[in-house]
Amino acid sequence: MSSGTLSGIVILLFFTVLGDVLSDAFSLSVPGSVMGLILLVIYLQLSGGVSESLDTVSQFCIRYLAVLFIPGCVGIFFLSDLLLQQWLPIALAMLVATPVSLVLTAVLLQWLLKRFASTSGENHHG
């Protein structure tokens, strides 16, 4: 493991822990991991982009992301009684939340593309 890879891991762990600490300290309804991601995005915006070490570690994590879902999928088997009792709310949440999140993501992406297209157009023509 190179020192660049290590610094990328340290950055990810730092923001994960920072998010957890802030979420717990202020009793936020946002999970610590999500808070850490928000802080990481803010940091990346302020610092001007992703470093090579962070990019390397992030690409590795994304490449093996499917493996991280295995424990959760296995855990579902141990909750089969609960799933049978709560199947309707779970099904409704999935059927409503999935399309809503897809639409909101698409709208946000369109807004961001228009915003950055107008910003880059101003820089080239101004």
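Residues numbered from 1 in each chain as written. Predicted model: local features only at pLDDT ≥ 70, side-chain atom pairs only at ≥ 80, totals over all residues. Heavy atoms only, no water.

By size, the foremost hydrophobic cluster in this structure holds seven residues: Ile-11, Phe-15, Met-35, Leu-39, Leu-40, Leu-44 and Leu-54. Elements with a contribution of two residues or more to this core: helix H1 (3–25) and helix H2 (32–47). Examining the composition of this core, we find that four residues originate from one element, H2, more than from any other. The residues touching Leu-54, leaving out its near neighbours within four places in the chain, are Gly-8, Ile-11, Leu-12, Leu-40 and Leu-44. (Core = buried A, V, L, I, M, F, W, Y, C linked by side-chain atoms within 4.5 Å. Buried < 20%, exposed > 50% of the residue type's maximum accessible area, 1.4 Å probe, protein only. Helix = DSSP H or I, 4+ residues; strand = E, 2+ residues; numbered from the N terminus. Contact = heavy atoms within 4.5 Å.)

A separate point is the side chain of Ser-23. Mapped onto the secondary structure, Ser-23 falls in helix H1. By relative accessible area, which is 7% here, Ser-23 ends up buried. Only 2.6 Å separates the side chain of Ser-23 from the backbone oxygen of Val-30, close enough to count as a polar contact. When residues no more than four places from it in sequence are discounted, the contact partners of Ser-23 are Leu-28, Val-30, Pro-31 and Gly-32. (Polar contact = N/O pair within 3.5 Å; in protein donor to acceptor, adjacent residues only side chain to side chain.)

Further remarks concern helix H3 (residues 52–63). Spacing of three or four residues puts side chains on the same side of an α-helix, whose turn is 3.6 residues. The end-to-end C-alpha separation of H3 is 16 Å, in line with the 16 Å expected for 12 residues at 1.5 Å each. Packing partners of the buried residues in H3 comprise H1 and H2. (Expected span 1.5 Å × (residues − 1).)

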